[in-house]
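Below are the chains, spelled out letter by letter.
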Amino acid sequence: MSSVLLGDAEGIAVLDFGAFLNDSAKQQVANAMLDSFKRVGFVYLVNHGIPADKIRSMFEWSKRFFAQPMEVKQLAPHPPSGEHHRGYSAPGVEEVVQHVYDKENLAEIRAEAPDMKESFECGREESETMPNIWLPDGVLPGFKEACLDFFWTCHETELQILRALAIGLGISEDHLVKYHNARDNQLRILHYPSVPAKDLSDEKLSRIDAHSDFGSITLLLQDDVGGLEIEDPNNPGHFTSAPPVEGALVVNAGDFMMRWSNDVIRSTIHRVRAPPQLTTADGMTPERYSIPYFCTPDFSVVVECLPGTYSEENPPKYEPISARQYILQRLAATY
């Protein structure tokens with residue numbers, strides 16, 4: 001395993017995923033990935049298959065988009081409901097929460113510490129459930145094409161990671177892939193504006209509050225500013241940094257993967273706070289950019305426990321639930 005385990009970043013394994021992609025150490029990578037998911041729900045992958053030039057280009061497009069005047073970004077407005085999670089959301093509009101669905105409670109949370117981030121979401125073009133919302137033709141030419149190209153590039157890496165997880169779990173390599181045929185995924189570009197560091201530390205503002213992800217897995221690319229923190233699964237309420245690792249893709253398991261695996265794999269609570277020791281002379285925390293890619297089982301899928309994750313001594317812990325029912329419920333609570 002030492003040949004694929006390149007290091008450790010605050011307890012999260014850093015793996016050479018190239019050894020899976022080139023077939024030189026598929027089982028070793030699969031085992032090491034599953035071990036990190038069992039322990040902390042996160043893993044770093046280098047040599048992950050997403051070309052570096054495409055990553056640089058997508059971050060450049062992200063910066064160009066968010067640098068547009070507000071009236072231009074609002075030409076692709078996110079609908080009022082979180083159930084249609086596409087288009088642009090201005091700072092303070094979305095509040096990521098963990099299992100809060102009452103409208104009055106949500107309003108109180110948003111008023112207390114709004115999420116200071118802005119985002120743009122897109123998915124596959126042919127989706128009837130969540131059609132994309134783009135800027136009008138002629139506004140920021142090339143942005144739409146760049147987003148869609150990156151969406152499909154990330155999808156190819158998603159499938160390889162799902163294959164590795166299946167091998168680690170001891171089931172057929174394509175078992176998880178066959179439940180991701182609809183490609184109901186979401187590419188999100190995120191910008192966290194520079195804000196007073198004290199407002200973040202005093203919790204007058206937040207970047208993204210503590211939450212778990214909804215789907216099967218999330219792929220995350222982040223700049224070198226930092227601020228991502230994960231909760232210690234063995235010490236609830238205690239968060240540690242998940243620092244940027246050069247050239248690495250961060251992958252974490254979502255709630256559906258946890259349900260699927262009967263809690264063999266963890267869906268770990270995480271958040272974004274002020275980056276450590278990066279406050280400017282005037283007390284401002286630097287802006288941050290990240291690109292998560294949320295991977296979701298087909299909405300028609302009813303998730304039950306995977307083969308080998310339950311027994312008479314360890315029966316299934318969750319009732320079956322459809323991806324559509326669960327994810328739309330969680331999305332609706334964010335707006």
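Remember, it's a predicted structure, so these values are computed and weren't measured experimentally.

## Focus: the overall build of the protein chain
Part 1 of the reasoning: Looking only at helices and strands, the protein chain has nine helices and 17 strands in total.
Part 2 of the reasoning: Over its C-alpha atoms the protein chain spans a radius of gyration of 19 Å, differing by no more than 12% from the 20 Å that the globule rule assigns to 335 residues.
Part 3 of the reasoning: On the principal axes, the C-alpha backbone points of the protein chain span a range of 55 × 45 × 40 Å.
Part 4 of the reasoning: For the protein chain, restricting intrachain contacts to residue pairs at least 6 apart in sequence, the fraction spanning at least 24 positions comes to 78%.

## A few points about the environment of Val 264
Part 1 of the reasoning: With respect to the element layout, Val 264 can be found in the loop between α8 (255-260) and β13 (270-272).
Part 2 of the reasoning: Considering only alpha carbons, one finds Val 264 and Glu 173, 91 residues apart in sequence, at a separation of 18 Å.
Part 3 of the reasoning: When residues no more than four places from it in sequence are discounted, the contact partners of Val 264 are Lys 38, Leu 169 and Thr 309.

## Quick word on the pairing of strand β6 (residues 186-192)
Part 1 of the reasoning: For β6, the buried fraction is high: seven of the seven residues fall into the buried class.
Part 2 of the reasoning: Taking every second residue as pointing to the same face, both faces of β6 are buried, with Gln 186, Arg 188, Leu 190 and Tyr 192 on one and Leu 187, Ile 189 and His 191 on the other.
Part 3 of the reasoning: Pairing of strand β5 (residues 118-122) with β6, which is carried by five bridges, proceeds in the antiparallel orientation. Bridging from a neighbouring strand, Glu 118 pairs with His 191 of β6.
Part 4 of the reasoning: Direction of pairing for β6 relative to strand β15 (residues 288-295): antiparallel, over a ladder of five bridges. Note on β15: the bridge partner recorded for Tyr 192 is Arg 288.

## Brief notes about the layout of surface pockets
Part 1 of the reasoning: Estimated volume of the largest pocket: approximately 460 Å³.
Part 2 of the reasoning: In terms of lining residues, the largest pocket is bounded by 21 residues, among which Ile 55, Phe 59, Leu 221, Gln 222 and Gly 247 are the most central.
Part 3 of the reasoning: Mapped by element, the contributors of at least two residues to the lining of the largest pocket are α3 (52-66) and β9 (217-222).
Part 4 of the reasoning: When grouped by side-chain class, the residues that make up the lining of the largest pocket number twelve nonpolar, four polar and five charged.

## Quick notes on empty space enclosed by the protein
A water-sized probe rolled over the atoms picks out the places where empty space is left.
Part 1 of the reasoning: Scanning the model with the defined rule gives three cavities of 30 Å³ or more in all.
Part 2 of the reasoning: What the largest cavity holds in volume is close to 560 Å³.
Part 3 of the reasoning: Lining the largest cavity are 39 residues, with Gln 186, Arg 188, Asp 213, Thr 218 and Phe 294 positioned closest to its centre.
Part 4 of the reasoning: When contributions to the lining of the largest cavity are tallied by element, the ones reaching two or more residues are β6, β8 (208-211), β9, β13, β15 and α9 (323-332).
Part 5 of the reasoning: When residues in the lining of the largest cavity are grouped by element, the largest group, five residues, is from β15.
Part 6 of the reasoning: By residue class, the composition of the lining of the largest cavity is 17 nonpolar, 13 polar and nine charged.
Part 7 of the reasoning: In this structure, the second largest cavity is lined by Arg 259, Val 303, Glu 304, Cys 305, Tyr 318 and Glu 319.
Part 8 of the reasoning: For the lining of the second largest cavity, the per-class residue count stands at three nonpolar, no polar and three charged.

## Some thoughts on the pairing of β5
Part 1 of the reasoning: A large share of β5 lies buried, amounting to five of its five residues.
Part 2 of the reasoning: One ladder, built from three bridges, connects strand β4 (residues 87-89) with β5; its direction is antiparallel. Note on β5: the bridge partner recorded for Gly 87 is Glu 121.

## Quick notes on the packing of aromatic side chains
Part 1 of the reasoning: On inspection of all chains with the given rule, the structure shows twelve aromatic pairs.
Part 2 of the reasoning: Plain terms: the ring middles of Trp 134 and Phe 143 are 6.5 Å apart, the flat faces sit at 80° to each other, and that makes the pair edge-to-face.
Part 3 of the reasoning: Overall, Trp 134 belongs to the buried group, its relative accessible area being 16%.
Part 4 of the reasoning: Aromatic ring contacts, followed pair by pair, group Trp 61, Phe 65, Phe 66, Tyr 88, Phe 120, Trp 134 and Phe 143 into a single cluster.
Part 5 of the reasoning: When the ring centre of Phe 239 is taken as reference, the NZ or CZ atom of Arg 271 above it lies at 3.8 Å.

Thresholds, definitions, all that
- Residues numbered from 1 in each chain as written.
- Predicted model: local features only at pLDDT ≥ 70, side-chain atom pairs only at ≥ 80, totals over all residues.
- Heavy atoms only, no water.
- Helix = DSSP H or I, 4+ residues; strand = E, 2+ residues; numbered from the N terminus.
- Rg over C-alpha atoms; globule rule 2.2 N^0.38 Å.
- Contact = heavy atoms within 4.5 Å.
- Buried < 20%, exposed > 50% of the residue type's maximum accessible area, 1.4 Å probe, protein only.
- Pairing = 2+ DSSP bridges.
- 1 Å grid on protein atoms, 1.4 Å probe; cavity = no way out; pocket = protein on both sides within 12 Å on 5 of 7 lines; lining within 4 Å.
- Points joined across faces, edges and corners; volume = space filled by probe spheres on them.
- Nonpolar A, V, L, I, M, F, W, Y, C, P; charged D, E, K, R; others polar.
- Phe/Tyr/Trp six-rings, centres within 6.5 Å; stacked < 30°, edge-to-face > 60°.
- Lys NZ or Arg CZ within 6 Å of the ring centre and 35° of its normal.

Everything listed here is a matter of geometry and, on its own, says nothing about what the molecule does.
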